[in-house]
Each structure stands twice: as structure tokens, then as C-alpha cells.
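Structural overview
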Amino acid sequence: MEIEQLEKVASQVRRDIVRMVHACQSGHPGGSLGCTDLLVALYFERMKLKEQDGKVVFDMDGKDEDLFFLSNGHISPVWYSVLARKGYFPVSELGTFRKLDSRLQGHPTTHEHLEGIRIASGSLGQGMSVAIGAALAKKLNNDKSTVYVLMGDGEQQEGQVWEAATFAPHHEVDNLIAFIDLNGQQIDGPTLKVMNNRDLGKKYEAFGWEVISIEEGNDMAAIVKGLYEAKGRLGHGRPIMILLHTGMGYGVDFMMGSHKWHGVAPNDEQLAAALAQLEETLGDY
Amino acid sequence: MKKYTFTEKKDTRSGFGAGMQVLGQQNPNVVALCADLVGSLKLEAFIKENPERFVQCGISEANMIGVSAGLTIGGKIPFATTFANFATGRVYDQIRQSVAYSNKNVKICASHAGLTLGEDGATHQILEDIGMMKMLPGMTVINPCDYNQTKAATIAIAEYDGPVYLRFGRPVIPIFTDADQKFEIGKAWMVNEGTDVSIIATGHMVWEAIQAGEILEAEGINAEIINIHTIKPLDEEAILKSVEKTGCVVTAEEHNRIGGLGDSVAQVLVKNKLVPQEYVAVNDSFGESGTPAQLLQKYGLDAKHIVEAAKRAIARK
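Since this is a predicted model, take the numbers as computed values, not measurements.

Section: the overall build of chain B
For chain B, the helix and strand inventory stands at 12 helices and 14 strands. Rg of the C-alpha trace for chain B: 19 Å, near the compact-globule value of 20 Å for 317 residues, within the 12% margin. For the C-alpha atoms alone, the extent of chain B along its principal axes is close to 55 × 40 × 35 Å. Residue burial in chain B is summarised as follows: out of 317 residues, 65% are buried. Across chain B, contacts joining residues at least 24 apart in sequence account for 81% of those joining residues at least 6 apart. Carbon and sulfur atoms make up 49% of the accessible area of chain B, which amounts to about 11600 Å² in all. Positive and negative side-chain charges of chain B, numbering 31 and 37 respectively, have mean locations separated by a distance of 2 Å.

Points about the overall build of chain A
Within chain A one finds 10 helices and 9 strands. Against the globule reference of 19 Å for 285 residues, chain A gives a C-alpha radius of gyration of 18 Å, in line with a compact fold. By its C-alpha atoms, chain A is 50 × 50 × 35 Å across when sized along the principal axes. Long-range contacts, defined here as pairs at least 24 residues apart, represent 76% of the contacts in chain A between residues at least 6 apart. Split by element, the accessible area of chain A, about 11000 Å² in all, is 49% carbon and sulfur. Positive and negative side-chain charges in chain A, numbering 27 and 39 respectively, have mean positions lying 2 Å apart.

Some remarks on the pairing of strand S2 (residues 30–34) of chain B
All names here are of chain B. Of all the 5 residues making up S2, 5 are buried; the element is thus mostly covered by neighbouring parts of the structure. Residues of S2 alternate between two faces, with Val 30, Ala 32 and Cys 34 on one and Val 31 and Leu 33 on the opposite face, all of them buried. As defined by bridge partners, S2 adjoins strand S4 (residues 77–83) across 5 bridges and the pair is classed as parallel. Paired with Val 30 across the bridge in S4 is Ile 77. Bridge analysis of S2 against strand S3 (residues 54–56) gives 3 bridges, and the strand direction is parallel. In the strand pairing of S3, Leu 33 is matched with Val 55. For the crossover that starts at S2, traverses helix H2 (residues 44–49) and ends in the parallel S3, the hand is right-handed.

Quick notes on the interface of chain B and chain A
Think of interface size as the accessible area that goes away when the parts come together; that is how it is often given. At the junction of the two partners, chain B supplies 27 residues and chain A supplies 31 residues. In this assembly, chain B packs against chain A so that about 2200 Å² is buried in total across both faces, 54% of it on carbon and sulfur atoms. The largest per-residue losses of area from chain B upon contact with chain A belong to Ile 73, Gln 97 and Tyr 101 of chain B, which jointly make up 29% of the total buried on that side. Counting every contact that joins chain B to chain A gives 0 salt bridges.

Focus: a negative patch on the surface
Together, Glu 2, Glu 4, Glu 7, Glu 215, Glu 216 and Asp 219 of chain A make up a negatively charged patch on the protein surface. If you trace the backbone, Glu 2 of chain A turns up in the segment before helix H1 (3–24).

Digging into the sheet that holds S2 of chain B
Residues and elements named next belong to chain B. Taken together, 7 strands build an open sheet; the order of strands is S3-S2-S4-S5-S7-S6-S12 and the sheet is mixed. If you trace the sheet from one side to the other, it starts and ends with S3 and strand S12 (230–232), each paired once. The sheet shows a mean angle of 20° between the axes of neighbouring strands, direction not considered.

Section: the sheet that holds strand S9 (residues 240–245) of chain A
Residue and element names in this part refer to chain A. What the 5 strands build is an open sheet, ordered S3-S4-S5-S9-S8; its pairing is parallel. The sheet is open, and its two borders are formed by strand S3 (67–70) and strand S8 (210–214), each paired with just one other strand. Pairs of neighbouring strands in the sheet enclose a mean axial angle of 20°, with direction left out of account. Judged from the 5 bridges that link them, S8 and S9 form a sheet pairing that is parallel.

Looking at helix H12 (residues 303–315) of chain B
Residues and elements named next belong to chain B. Across its 13 residues, H12 extends 18 Å between first and last C-alpha, which sits within 8% of the 18 Å expected from 1.5 Å per residue. Of the positions making up H12, those classed as buried are Ala 303, Ile 306, Val 307, Ala 309, Ala 310 and Ala 313. Each buried residue of H12 sits inside an arc of 165° when the element is viewed along its axis, so together they form one side. Contact partners of the buried residues in H12: strand S10 (197–201), helix H8 (205–218), strand S13 (249–256) and strand S14 (277–282).

A word on the side chain of Thr 246 of chain A
All names here are of chain A. The topology assignment puts Thr 246 in the loop between S9 and helix H10 (268–275). Note on Thr 246: relative accessible area 9%, which makes it buried. In this structure the side chain of Thr 246 is engaged in a polar contact, spanning 2.4 Å, whose partner is the side chain of Asp 181. Not counting the four nearest positions on each side in its chain, Thr 246 is found in contact with Gly 34, Asp 181, Leu 182, Asn 183, Gly 217 and Asn 218.

Quick word on the confidence of the model for chain B
When pLDDT drops low, the exact placement of atoms in the prediction is not to be read closely. Of all residues in chain B, 100% have pLDDT values of 70 or greater, and the mean over the chain is 98. For this predicted complex, the interface score ipTM comes out at 0.97, while the overall pTM is 0.97.

So, the pattern of salt bridges
As enumerated under the stated definition, the model contains 27 salt bridges over all chains in all. Asp 37 of chain A is paired through a salt bridge with Arg 14 of chain A; the nearest N and O atoms lie 2.6 Å apart. Placement of Asp 37 of chain A in helix H3 (residues 36–46) and of Arg 14 of chain A in helix H1 is noted, with a sequence separation of 23 residues between them. Here Asp 37 of chain A falls in the buried class, since its relative accessible area comes to 4%. Glu 52 of chain B serves as the salt-bridge partner of Arg 53 of chain B, at 3.8 Å between the closest nitrogen and oxygen.

Some words on the environment of Tyr 285 of chain A
Residues and elements named next belong to chain A. Residue position: Tyr 285 is located in the segment after H10. As a C-alpha pair, Tyr 285 and Arg 15 span 270 residues in sequence and 9.7 Å in three-dimensional space. Residues in contact with Tyr 285, not counting those within four places in the same chain, are Asp 16, Arg 19, Met 20, Arg 85, Val 91, Ser 92, Leu 94 and Gly 95. In terms of polar contacts, Tyr 285 uses its side chain to reach the backbone amide nitrogen of Met 20, at 3.4 Å.

Rules used in this analysis
Residues numbered from 1 in each chain as written. Chains lettered and ligands numbered in written order. Predicted model: local features only at pLDDT ≥ 70, side-chain atom pairs only at ≥ 80, totals over all residues. Heavy atoms only, no water. Helix = DSSP H or I, 4+ residues; strand = E, 2+ residues; numbered from the N terminus. Rg over C-alpha atoms; globule rule 2.2 N^0.38 Å. Buried < 20%, exposed > 50% of the residue type's maximum accessible area, 1.4 Å probe, protein only. Contact = heavy atoms within 4.5 Å. Areas by Shrake-Rupley, 256 points an atom, 1.4 Å probe, with all protein chains shown as cover. Lys, Arg positive; Asp, Glu negative; His and termini not counted. Charge placed at Lys NZ, Arg CZ, Asp CG, Glu CD. Pairing = 2+ DSSP bridges. Right-handed = clockwise from strand over helix to strand, strands pointing away. Buried area = accessible area lost by both parts, 1.4 Å probe. Salt bridge = Lys/Arg side-chain N within 4 Å of Asp/Glu carboxyl O. Patch = residues over 30% accessible without salt bridge, like charges linked within 9 Å, V, L, I, M, F, W, Y side chains within 5 Å. Axes fitted to C-alpha atoms, helices over the stretch in contact; angles between N-to-C directions. Expected span 1.5 Å × (residues − 1). Arc of directions from axis to C-beta. Polar contact = N/O pair within 3.5 Å; in protein donor to acceptor, adjacent residues only side chain to side chain. pLDDT = per-residue confidence, 0-100.

In C-alpha cells form, the structure reads like this:
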């Protein structure tokens, strides 16, 4: 897909995010907006997905297709929107987000059989381990496709992340591309203040990872370029870590760069102000 | 009383290792994972024959549970193995979210459960694991009684699609069940039919219950003994059928009296038929260092204590 088209999808996804969070008056818009460009680039450009008659189809095993895992499950709005816009389930279902009897739970789950989701996430620190397991299964199955996993930067404070970080290079899990969303914010404030992660790139390098930095994590062209570069480095015995520098709340001026919009929903006026900044490109749900 | 004899004693963990060897030969989807305790889990034969299907995780249990969950997504059947303490309490949230809530076909296989781990002491003697695991929706909880039954259970859970907690241990105990038994998940095993008291036991306590039954018989008391190897789902029908006949129950388990088999049985009785129940279990305490026999005696879990509990239950009828 052309960069311009990907940007159009991203604009619609951002509209979906603020509308979903507004409708149930809860959820996490900040990180969702910041990771929109990455998820659109993955699903609409980079990932090899299972299709039938030009439509994506879902099965749990995901053999011979690329897999994506969201470890920081609280940014579910962006994932739900991208999955629906890609055709995994009807976009009208986005309106049920976080409401009773919905398949779109506050945090992603397989429990409601929502197409596109292969593991529950929300309790932080677990997604990379799961992605590594799925990548190992691909190797055992002689399946050459790639596994992607996204984590938050605050999430790097969880101990399990470093168990997984040690494991993947040791077992040469070189069909795995992990991302850290470096937005520098977590619930209680700036990450530097809450718990300084120091130099994550150096840490992962020391653990044996191949580290790539995407400085403009909200620039579609930069993301696509970074993803192609990462893909080219697969299969050489090392897992790949992409440090993705994003802006929390990116795309809505008053939500940008602050931890205040980590887990807060906009009111009616704020919704209108946000939507005025985001072009409706694919039609609202 | 039906006579149970034995010619050999072995540890239940060796039954697990033997079951894994069979699975390694029969089921190409079975993958074994371990957190630096290969010798303790008796995985040597499986690893020797299937090196590509063994994943050494190092001392990182949380990651091992996550990797196991991920392996199921590619259709693998992961057996995640370590000591019971590290397989449950240490990684409860990982099991809860990535395995149970996600309904992943992970087999959590836990050795060295209970007091009979022995000399290592309380840090390693988990007595709360059955409770934690049975509280997870969708989790099957199995605690077999001897080498042969553990081997059969190991083979059987690979055929079952869903998360399982398989609990076994370290002490060498008599082998008194059939070598070629078929293991049915959720189906109680009638060890001995009787009329005066139902002794419902799990794991290592089944052999203690058999010994207790013989002592009781000598005193003219006819005990029915049931092996509940599957604590969840519980064979409620077998339990109710037994108490209809005997009118009182003793539950016996190597676990805290809170949250284990005894409480599961009590729930069935409260809902269906109120009869006296006595618990043979650890009385809400931690364990300590000692030999397995010393610990069973000190913490009130040996045959003698089952006999006393049976008499108390009968007296309350």
C-alpha cells in the first residue's frame, strides 16, 4: 500500500479510537493513538496474513502467516480498530467496546472468540514470552513466517520481560521482531521519573538482540522503512528489537506528549475537538 | 478388605518421566519445557530421544509459562515442568492470564509437591497448589497416587485438549496400581468397597488410606476407600454414592486443609447430603525439614491419623 493510503487508514483508526473510548467513557487513548501508525503499517503493509477470496480469515494456529501479539493490552482500542478495518470482524462491533456482553473486552482476550486475538493480555510483561513460544512453534513446524510483538516502555519494568529477553537470543529465536513503544510515559508520570529504564537499546544489545531504532515512530514512511530493514535482518541467529519512538496521544494536539491521557476518556467537547483534527477516510462505524 | 500388595517402590515423578518417554515416541506435537530441573523431573529419556522437542528455560518460570502458551498457538502440546511451588504460586498470574483465561492447551507438570519433598523444608513444600489451581476456571487438576497411575495420567492428559495441572512428588512409595491401567480424567477409582466410612484420598495419601483401611478392618470397621486422582472436575457421583452407603467421610490429602480436596468434597456434601466429614490435611501451617515419614507423622497425615479421623467421623454419625 502507498504511504499516503496507509496514512488515510491511520486517520480513520484514530477516529475510531477516540470515539470508542468516548462511547464507554473509559479506556486508554494515549498509547493507542501513539501506536496507530505501527499497527496500520504492520497489518496493511508488512504482515503476511491468511486470506481467502481476497478477505482475511482467522484461525488460532496461524500456520504459514505472520503473527502479531500485543503485550501492553491496554492499548486495545488501536488493535480492535485495525483488526476491524482489516476485515477480521465487522467495524460496527467497535461500538460495543468495554460494554456488557461485548467481544471487545477492556483488554484483549481469546475468551470471547474475537477474530485476530490469540492470547489474553493486560497483566503486563507476558506477551514477549508468548510471542517467543509462537516463534519456536513456527520453527518446529518449519513455518518460515514472522512473529511480531509490541510492548510498552513502562512494561520494561516487569521482571518477566528480562527472562524472555535472556531466553530469545540463547535459543536463537531469529524469526521474532519485538517493538518497544518508547513514548516515555506511564500512568504515574514520565517513565524517567517513575522508574528510569536507562538505555534500553544498550540493554537489549547486551542481552544479544539486534537493535534497530525508529526515531520517527509516527511517520509512516519511516516505520515502513524500519520494518523492511528489520525483516532483512531476520534468520541470522538473533531476535530483533525495534525501539519505536512515538508520541503518546499522537494526532490529537491536546492529548499529545502527556501521561494524563494514558487512561482517560474525552468528554463530548473534547471528542468534537479531536475529531475535527482527524479526517474521516473510510467512514465512521 | 481388598488386598493390595507391591513388589516395587518408586517415586511418582519417575512415573511422569516414563510417561513423557512414551509421549515422545507416540505424539510428535508434545514438547517438554523445564526450568533447570531436568534430573528432578526425570526428563532425561525424553530429551535423549527428542532433543529438538525439549526447551531448556533456565531458572525463569514465568517465561516458561508464557513460552508454553505461545507454543500451543502453533499446535504444540507443551508440558511445562518444575517443582510444584515454582509451577503454581510463583507464576499464578502467568497461568491465570496466558493459560487459563486464554484457554491454552498447556500441561503444567509439577513435582515435589507437598510435605514429602522432605529435607528442603517449607520454602519448597507447597501445600496450597491444589487450591490455587482448582480456583482457575477451566483448569483440570490431577494428583495421581503411584508410579503407574502417574505414568498413565501423563499419557492421558496429552489426549485432552485444555489446560491441566498434574501434581506428583519425590518420595519413593509402593506401586500398587496396574501397569497397563487406562487413566480416565475425572473418574474416581474405587480402591475398596466398604460400609462404615468413606475414606476419600488423593496422591500419596491413597497408600496411607489403604494401610488405614487394614488397621480399621482389624478393629471390625469396614472402610470404603476411593482414590480421587482428579480433584477438578470432581467425580461427585462417586462421592455421593459412597456416602449414601457409609454416612460419613474422611478426606485425606497432602495439602493445606483450606482449599484442597477436603473443601471440594465438603461443597458436594453441603449441597447434596449432609454427613459428618473429618479432614486429614495440614492444619493451615507451613512445613519444615525432615524425612517424608517423619513429616507425615508430625503433621497428622499418616495412616494412624486416618484411622483416628475415621473413628471420629463414625462417632459423629
